[in-house]
Amino acid sequence: MGMKVYMDYAATTPVDPRVLKVMRPYFSKKFGNTMSLHSFGREAKKALEDSREKIAKVINANPSEIIFTSGATESNNLALKGVAFANKKKGKHLIVSSIEHHCVLDSARWLEKQGFEITYLKVDKHGLVNLAELEDSIREDTILVSVMHANNEIGTIEPIKEVGKICREKGVYFHTDVAQSFGKIPIDVKKMNIDLLTASSHKIYGPKGVGFLFIREGVEIEPLLHGGGHEFGLRSSTVNVAGIVGFAEAAEIARKEMKREAERLTKLRRKLERGVLKIKNSHLNGHPIKRLPNISNFWFDFIEGEALVMYLDQKGIAASTGSACSSESLEPSHVLLAIGLKPHQAQGSLRLSIGRFTTKKEVDWVLKVLPEVVERLRKISPFKGKWS
Amino acid sequence: MRKEFLPYSKEIIRHFKHPKGLGRIKNPSAIGKAGNIICGDVLWCYIKVGKNKRGEEIIKDVRMEVFGCIVAIGISSLLTRMVKGKTIEEILELTKDDILKKTGPLPPIKVHCSILALDALHEAIYNYLVKKKRKIPEKLRKVHERVVNTLKEIEKRHEEFLKLEEKLR
C-alpha cells in the first residue's frame, strides 16, 4: 500500500513529541499527589499551578479561573448543569445553538427533563447563529447562553465576541465551547466577554483525557464531582498531573506557533478545496471565509459517506463523514441538517481536517485518490447525474 | 482493517472491498427498486431471465446498483453471487436469514440492509412476471405490497417530520 494520510485532526491529534517529553517524568518519577504535604506532593502541586498559568495565558484569563477536567465533554456538562443548578433562583431558561457538540445538546436535553427550558438557536446555511434571534430569545429568566466558537464538523467560526457582548449587556452568563478553535485562532475571554469556556487537550497535540473549564471569577456554579475538594472545590478527583503538564505544554506550543501555523494550514486547506471541488457535483459545506484553517467539509451527490470513508481508508486515507449509515442512530449529522442539507445530501458528506503534520505531498495524494474513489462509488450508484 | 469497522463480518468486508455484480445490465428483463433516499440506502436490482437445460426460467444475470453504506454494498455483492443461475422459484423462497447465514452476524441496525437487497431482487421478479402477464404468487404479491407501503410510510413520516420541524422553528 502507498502512503498513510491522516486527515481527521478534528477528531483527535497525535501527541507532539515535545509534549510527550515533558510529560514523561510525571508518570513514575514525579508521581506525587497534589494534595500531599511532602516534597512529592509539593512538586506535583507546582507542576499543576505552572500548567494553570500557561493555559490561562492562552485565553487571557487569571490562573485561578482555570479548572482542569477530564476533557471537553466533562467541561461542557459542568458548565451547563453546574450553572443551571446554581442559578435556579434566577431562572430556568438556557439558550444553546442547534449545532453544538452532542455533549452540549445532550446536557441541555437532560436539563429539560429536570424542568429547565431550552431554546435551540437556528443557524443559517453557513452555520452562523443569528444575533437578532439570540437577542430576542433572551428572557428575564435566562441564565445561560452557550454558543460554540468553531463548529467541529464544518469549521464555521461563530461571532462569539458579539454573542458575549449581548449576553453581558443582558446580564446572562455566556459559555462557549472552543474545543476546535483553542490554540488555532486567538481567544481572549476578557475582550470577548466570556464567562465560561471549554477546551480540550487531545485536539491540540496533547494527551487524551484532559480538558479545562474556564470559569470567570464570580460566576455561580455547582460542581458535578464532590469529594476531596480539588480544583477549588469545583472538581474533586486526584489530579491528572502528567496529562495536565502535557496539555499546558501543548497549549504553549500552539500559542507560540499559532499565527504561522494558521497561515500554513489555510494555504494547504485552500489547495485541498480547490482540488476537491473540481470533482463534478461536489459542494463545500460551512462558511466560505469565516472558517477554521484546518477543517473542510464537502458533500458529493449520489454516493454515501460511510462507503466513501472506508474506500479511502483502503487507500490509506483517514477521514470522516456525517452520513447516517456511520452513526449509531442511523440519523445524519444534526449539523448538516441544521445548515439545510437534505438527508440524502448529508449522506454523501466528507470531512477532511488537516493539522500540524499534514504536508503538501499528502494533500496531493488525497487529490489523486479521492476523485477515483468518488467515481468508483458513482459507477455503482443507481443515481446517474440526477436524483430520480 | 481498522478496529472501528470490526462490527462488520469478514464476509461483508470481503465483498465490500472487492464487490461483484454491481452496476447495470443493458436491456434487462426487469428492474426492481427498494429503499428511499429519505431514509438512506437505495438499491436497484437488474435481472436478465433465461432458461436452463430443463426449460425452467433462471436468473441468467443479475446486477445491483447501490446508494448506500458498507453493509448495503457488501450484501448486494454477495446476493448477486448467491442467486445467479438459480430458478425463479428458488429465489422466491430466499429469506433474509439465508443471507444472514452467509454474511455472519450484522449489527442489529444494519439487518435492514439485507431485507432491502432481497426486496429489490424480489421486486425485479415481480416486475418481470407482471411484464410477462404471468400469475403473481401470493407470497410475492405480499412482498410487493410491503415494499410499496414502506415507501409510502417513509414519505408520510418524512412529511410529518418536516411539518414538525417547521412548527418548532
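None of the values given here were measured: they were computed from a predicted structure.

Here's the deal with helix H7 (residues 160-170) of chain A
Residue and element names in this part refer to chain A.
No. 1: All of the buried residues along H7 are Ile160, Val163, Gly164, Ile166 and Cys167. Buried residues of H7 fall within an arc of 165 degrees about the axis and therefore sit on the same side.
No. 2: Where H7 is buried, its residues contact helix H6 (131-137), strand S5 (142-146) and strand S6 (173-177).
No. 3: Just past H7, the residue glycine 171 takes up positive phi, approximately 70 degrees.

Some remarks on the pairing of strand S3 (residues 93-97) of chain A
Each regular strand displays side chains that alternate between the two surfaces of the sheet.
All names here are of chain A.
No. 1: Most of S3 sits out of view: 5 of its 5 residues are buried.
No. 2: Of the two faces of S3, the one lined by His93, Ile95 and Ser97 and the one lined by Leu94 and Val96 are each fully buried.
No. 3: Pairing between S3 and strand S4 (residues 117-121): 5 bridges, direction parallel. Note on S4: the bridge partner recorded for isoleucine 95 is threonine 119.
No. 4: Where the polypeptide runs from S3 across helix H5 (residues 102-113) and back to S4, its parallel neighbour, the crossover connection is right-handed.
No. 5: Looking at chain direction, S3 and S5 are connected through 4 bridges and run parallel.

Quick word on unusual backbone geometry
No. 1: Positive phi values are uncommon outside glycine, yet glutamate 231 of chain A reaches one of about 50 degrees.
No. 2: The phi dihedral of lysine 133 of chain B is positive, around 55 degrees, even though this residue is not glycine.
No. 3: Assessed through its relative accessible area of 76%, lysine 133 of chain B is described here as exposed.

Quick notes on the packing of helix H2 (residues 70-83) of chain B against helix H4 (residues 96-103) of chain B
All names here are of chain B.
No. 1: The interhelical angle for the contact between H2 and H4, taken along N-to-C directions, is 105 degrees, at an axis separation of 11 Å. With respect to H4, the axis of H2 lies roughly perpendicular. Packed against H2, whose contacting residues are Ile75, Leu78, Leu79 and Met82, the element H4 presents Asp98, Ile99, Lys102 and Thr103 at the interface.
No. 2: Looking at the contact of H2 with H4 residue by residue, the classes come out as 5 nonpolar, 1 polar and 2 charged.

Considerations on the domain arrangement of chain A
All names here are of chain A.
No. 1: What the domain assignment reports for chain A is domain 1 (5-13 + 258-379) and domain 2 (17-253).
No. 2: Distance between the C-alpha centres of domain 1 and domain 2: 28 Å.
No. 3: Counting residues at the interface gives 28 residues for domain 1 and 34 residues for domain 2.
No. 4: The contact between domain 1 and domain 2 buries some 2,600 Å² in all, and 58% of this surface belongs to carbon and sulfur atoms.
No. 5: Between the two partners, domain 1 and domain 2, sit 0 salt bridges.
No. 6: Taken together, the links from domain 1 to domain 2 amount to 16 residue pairs in polar contact (both at pLDDT 80 or more).
No. 7: Going through the elements one at a time, helix H8 (241-276), strand S10 (295-300) and helix H10 (334-338) are the ones with two or more residues in the side of domain 1 that touches domain 2.

Some thoughts on the sheet that holds strand S2 (residues 66-69) of chain A
Hydrogen bonding along the main chain pairs the strands of a sheet, whether they run parallel or antiparallel.
Residues and elements named next belong to chain A.
No. 1: Strand order in the open sheet formed by 7 strands is S2-S8-S7-S6-S5-S3-S4, with mixed pairing between adjacent strands. Edge positions in the sheet fall to S2 and S4, since each of these pairs with one other strand and no more. Each strand of the sheet is rotated relative to its neighbour by a mean of 20 degrees, with strand direction disregarded.
No. 2: Strands S3, S4, S5 and S6 of the sheet are contacted by H5, whose axis makes an angle of about 150 degrees with S4.
No. 3: Most of the contacts of H7 go to S6, to which it runs at about 160 degrees, and overall it touches S5 and S6.

Quick look at empty space enclosed by the protein
Residue and element names in this part refer to chain A.
No. 1: By the definition in use, this model includes 1 cavity of 30 Å³ or more.
No. 2: What lines the largest cavity is a set of 16 residues, and nearest its centre among them are Gly183, Lys184, Tyr205, Glu261 and Leu265.
No. 3: Split into classes, the residues belonging to the lining of the largest cavity amount to 9 nonpolar, 3 polar and 4 charged.
No. 4: Of the domains in this structure, domain 1 (5-13 + 258-379) and domain 2 (17-253) are the two that each give at least three residues to the lining of the largest cavity.

Concerning the packing of aromatic side chains
All names here are of chain A.
No. 1: Tallying each qualifying case throughout the model produces 16 aromatic pairs over all chains.
No. 2: On the numbers, 6.1 Å between centres and 55 degrees between planes, the contact of tyrosine 9 with tyrosine 205 is tilted. Note that tyrosine 9 is positioned in the loop between strand S1 (5-6) and helix H1 (17-23) and tyrosine 205 in the loop between strand S7 (196-200) and strand S8 (211-215), a separation of 196 residues in sequence.
No. 3: With a relative accessible area of 7%, tyrosine 205 lands in the buried category.
No. 4: When the centroid spacing of 5.6 Å and the interplanar angle of 65 degrees are considered together, the rings of phenylalanine 85 and phenylalanine 116 count as edge-to-face.

Rules and cut-offs
- Residues numbered from 1 in each chain as written.
- Chains lettered and ligands numbered in written order.
- Predicted model: local features only at pLDDT ≥ 70, side-chain atom pairs only at ≥ 80, totals over all residues.
- Heavy atoms only, no water.
- Buried < 20%, exposed > 50% of the residue type's maximum accessible area, 1.4 Å probe, protein only.
- Helix = DSSP H or I, 4+ residues; strand = E, 2+ residues; numbered from the N terminus.
- Arc of directions from axis to C-beta.
- Contact = heavy atoms within 4.5 Å.
- Pairing = 2+ DSSP bridges.
- Right-handed = clockwise from strand over helix to strand, strands pointing away.
- Axes fitted to C-alpha atoms, helices over the stretch in contact; angles between N-to-C directions.
- Parallel < 35°, antiparallel > 145°, perpendicular 65-115°, else oblique.
- Nonpolar A, V, L, I, M, F, W, Y, C, P; charged D, E, K, R; others polar.
- Domains from an automatic or database assignment.
- Buried area = accessible area lost by both parts, 1.4 Å probe.
- Salt bridge = Lys/Arg side-chain N within 4 Å of Asp/Glu carboxyl O.
- Polar contact = N/O pair within 3.5 Å; in protein donor to acceptor, adjacent residues only side chain to side chain.
- 1 Å grid on protein atoms, 1.4 Å probe; cavity = no way out; pocket = protein on both sides within 12 Å on 5 of 7 lines; lining within 4 Å.
- Points joined across faces, edges and corners; volume = space filled by probe spheres on them.
- Phe/Tyr/Trp six-rings, centres within 6.5 Å; stacked < 30°, edge-to-face > 60°.

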